[in-house]
Structure formats: structure tokens, C-alpha cells
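# Architecture at a glance
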Amino acid sequence: MKIAVTSTGPGLDDNVEARFGRCPYFLIIDTDTMQFEAIENPNIALGGGAGIHSAQLMSEKGVTTVLTGNCGPNAFNVFGQAGIQVVVGVSGPVRNAVEQFRAEAFSSASGPNVDSHFGMTAAPAGPTPTEQPPTGPLGQDSGMGLGMGGGPGMGRGMGGGMGKGMGRGGGMGRGMGRGGGMGRGMGMGTPMGMPSTGSPASFPQGVGAQMNPAQELSALKQQAELLEQQKRQLNKRISELESGRKAVAVVDSDKCAGCGICADVCPAGAIEVNEQAVVNDEACTGCAVCVSECPNEAIILAQKKVGK
């Protein structure tokens, strides 16, 4: 059986992370062999929708159960759509948690156990994968980033020790360098709804020489993870085009109050409000911003057949 565990680090002896959507790592574990894959969470720096995108990633990985400390309503809805069981309240070393799961000591949650945006305010249970020791000249005002995304875009910056930043308006972004200063990130935006296919940026001349081996290794791993994320998005888009189905926002008419917040935050302009919110399926990019911002939790993402 393949399960996922939120973790503070990349190993089985690291602790279970209390936050789902903003955990530093996901460990994808085969409970029969204890072989595992450690995935650095690509959604940890998102301004909103981290839980939704992380839940979609778990679905793409084909896991049947997720072990974590806490799970909010947005991620829980996605798990419900994907048929994935969720176990909350898990703590301690990942290895012990898996052994308890194998011994059937856990029961699946019947609903979310924390409110939306819990992960944005809760303190992390351990160091995040982007924390790096301070550096010298590199941390002052240099950095590179890859943009990806539909419209708003996301940028990863390698500033004073590999920072991350959000890019807006076509993908140009600023990355907060964690090492010693502000790092600038330049992202390449793509047409709305399409993932970026750009190649990873190479280091500017002289920058690589200023990195020690550990910093260069961390930077290369971040670029490799970004490429993996881009590959997943491309494969997802290919599947959508081949099947005629894609993830779109769906409004629960019993919960929608017609407040208009979803229409205001939608970067694709795919939502109109006429007493209640109405989603244009063809224009919707499945970015999940509306899901995370709806005060009544009236919107979920669902797979729908769109077009002809």
C-alpha cells in the first residue's frame, strides 16, 4: 500500500509535520517494503491554496492514505473527491507513525480538524527545506528564479541562500533571499491555464564560484524539484486535453451567499455573480484561489468534461 506522511525532513526518522499543505516534505512510502520517496513540498510558499495543490499532488502520486497532524477543509474536500483517506493527529517520528498505521492503530478522519489557512499562521514543527546558513557577497542582491504558473506565476529565488518568492503579472517576481539579503527572482509567465515549459536558468557568470558545494547542491536540487513540478503540470495538462476533462471550480448553491469575493480574486475572470457565483468552466484554470478565499467554503475543485 502506498501512503503519504507529512514530514519535517526527508527521512523516516524525521518527525511528522503538523501542517499538511505547508509541510516541508512529503514522504511517499510503500508500507510493505518501507521504501520511500521524499518530495520537497513545492507549495510551501504559496500565498493561498497550498492545501489544495498539495492534496492534488498526493492524488497524482497515487497514495491511498495521508498521515498528518492537521488537515483543513479545502484539502479535505480534494481528498474526498480523489477517494483518499486522511488520518489526523499523527505525531512523532515518521517511521513510528507508519508502524502504527500498519498495526491498524489509526482511524480515518470524518472531516477537517482545523480551519482554512491554519498552515499560514501555525508555527512549523521543524526547519523548512529552504532555510540555509547566511552567505557573504551572494546574499546581497543576486538571485535567479524560474517562473511558472498561469497568470500570477510563482518564482523561486536563490538569494542569500535560496529564497522563494511569489511573482505576479506574467511571472516577474521578487524572491526573499533567506541567507543574507533580498534576492531578485525573474519568472517567465505563460498563457493562463498553461504550465511553464522553460528550462532552468543557469547561474550567472561568477555566481557558482561564490557558492560552496553545499549551497550549490541545494540550489541544483531546488531547480530539479521545480522541473519535476513543471513535468507534473505538463502531464496533467496533457491528460486533460486528451480526456476533455479538467479541474474547475464548482459552486455549492446551498452555501454561496453571492458575496462576490470569488469573482474579485479570480485571476482568469472566470466567475460572475448574479445572486450566486457562476463559473465559466472553459475560462477556469483550476488555480483554486477562489476555493481558498471563499468565506463560506462554498467552492471546491472537481474534474469536469469541458468543451466538445
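Look above for the structure.
This is a predicted model, so every value here is computed, not measured.

### Notes on the overall build of the chain
- Of regular secondary structure, the chain possesses nine helices and 14 strands.
- By residue count, 47% of the 308 residues in the chain fall in the buried class.
- Just so you have it, the chain exposes about 14500 Å², and 51% of that area is on carbon and sulfur atoms.

### Some thoughts on the environment of Val 78
- The residue Val 78 is located in helix α2 (residues 73-82) in this model.
- Separated by 19 residues in sequence, Val 78 and Ser 59 place their C-alpha atoms 8.7 Å apart.
- With sequence-adjacent residues up to four places away left out, Val 78 is seen in contact with Ile 52, Ala 55 and Gln 56.

### So, the pattern of salt bridges
- The tally for this structure, following the rule as stated, stands at four salt bridges.
- Asp 13 is paired through a salt bridge with Arg 95; the nearest N and O atoms lie 3.1 Å apart. With Asp 13 in the loop between β1 (2-7) and β2 (25-30) and Arg 95 in helix α3 (residues 94-102), this residue pair connects regions lying 82 residues apart in the sequence.
- For Asp 13, a relative accessible area of 59% translates into the label exposed.
- Between Lys 61 and Glu 37 there is a salt bridge, with its nearest N and O atoms 3.3 Å apart. Taken together, the positions of Lys 61 in the loop between α1 (50-60) and β4 (65-67) and Glu 37 in strand β3 (residues 36-40) put the pair 24 residues apart, joining distant regions of the chain.
- Looking at Lys 61, the relative accessible area reads 22%, which means it is partly exposed.

### With respect to the sheet that holds β1
- Strand order in the open sheet made by the five strands is β3-β2-β1-β4-β5, with mixed pairing throughout. In the strand order of this sheet, the two ends are held by β3 and β5 (85-87), each with one partner. Averaged over all neighbouring strand pairs, the angle between strand axes comes to 20°, with direction disregarded.
- In this structure, β2 lies alongside β3, joined through five bridges in antiparallel fashion. When the bridges of β3 are listed, Phe 26 appears paired with Ile 39.
- The strands that α1 touches are β1, β2, β3 and β4; relative to β2, the one it contacts most, it runs at about 20°.

### What to know about the state of the cysteines
- Under the criterion given, the structure shown has zero disulfides.
- With no disulfide partner, Cys 294 has as its closest neighbouring cysteine sulfur the one in Cys 259, 6.0 Å distant.

### Details of unusual backbone geometry
- The phi angle at Glu 275 is positive, at roughly 75°, despite the residue not being glycine.
- Judged by relative accessible area, which is 72%, Glu 275 ranks as exposed.
- One non-glycine residue, Ala 288, lies in the positive phi region at around 75°.
- Relative to the helices and strands, Ala 288 is located in the loop between β13 (276-279) and α9 (289-293).

### Digging into the nonpolar core
- In this structure, Phe 20, Met 58, Val 66 and Phe 79 are the most contacted members of the largest nonpolar core, which totals 37 residues.
- Of all elements in the fold, only β2, α1, α2, β11 (245-251), β13, α9 and β14 (299-305) reach the threshold of two or more residues within this core.
- Beyond its immediate chain neighbours, meaning those up to four positions away, Val 66 contacts Ala 4, Phe 20, Met 58, Phe 79, Ile 84, Gln 85, Val 86 and Val 87.
- Leu 12, Val 16, Met 34 and Ala 97 belong to the second largest nonpolar core, which has 14 residues in total.

Here is what the cut-offs are and how they apply
- Residues numbered from 1 in each chain as written.
- Predicted model: local features only at pLDDT ≥ 70, side-chain atom pairs only at ≥ 80, totals over all residues.
- Heavy atoms only, no water.
- Helix = DSSP H or I, 4+ residues; strand = E, 2+ residues; numbered from the N terminus.
- Buried < 20%, exposed > 50% of the residue type's maximum accessible area, 1.4 Å probe, protein only.
- Areas by Shrake-Rupley, 256 points an atom, 1.4 Å probe, with all protein chains shown as cover.
- Contact = heavy atoms within 4.5 Å.
- Salt bridge = Lys/Arg side-chain N within 4 Å of Asp/Glu carboxyl O.
- Pairing = 2+ DSSP bridges.
- Axes fitted to C-alpha atoms, helices over the stretch in contact; angles between N-to-C directions.
- Disulfide = S-S within 2.5 Å.
- Core = buried A, V, L, I, M, F, W, Y, C linked by side-chain atoms within 4.5 Å.

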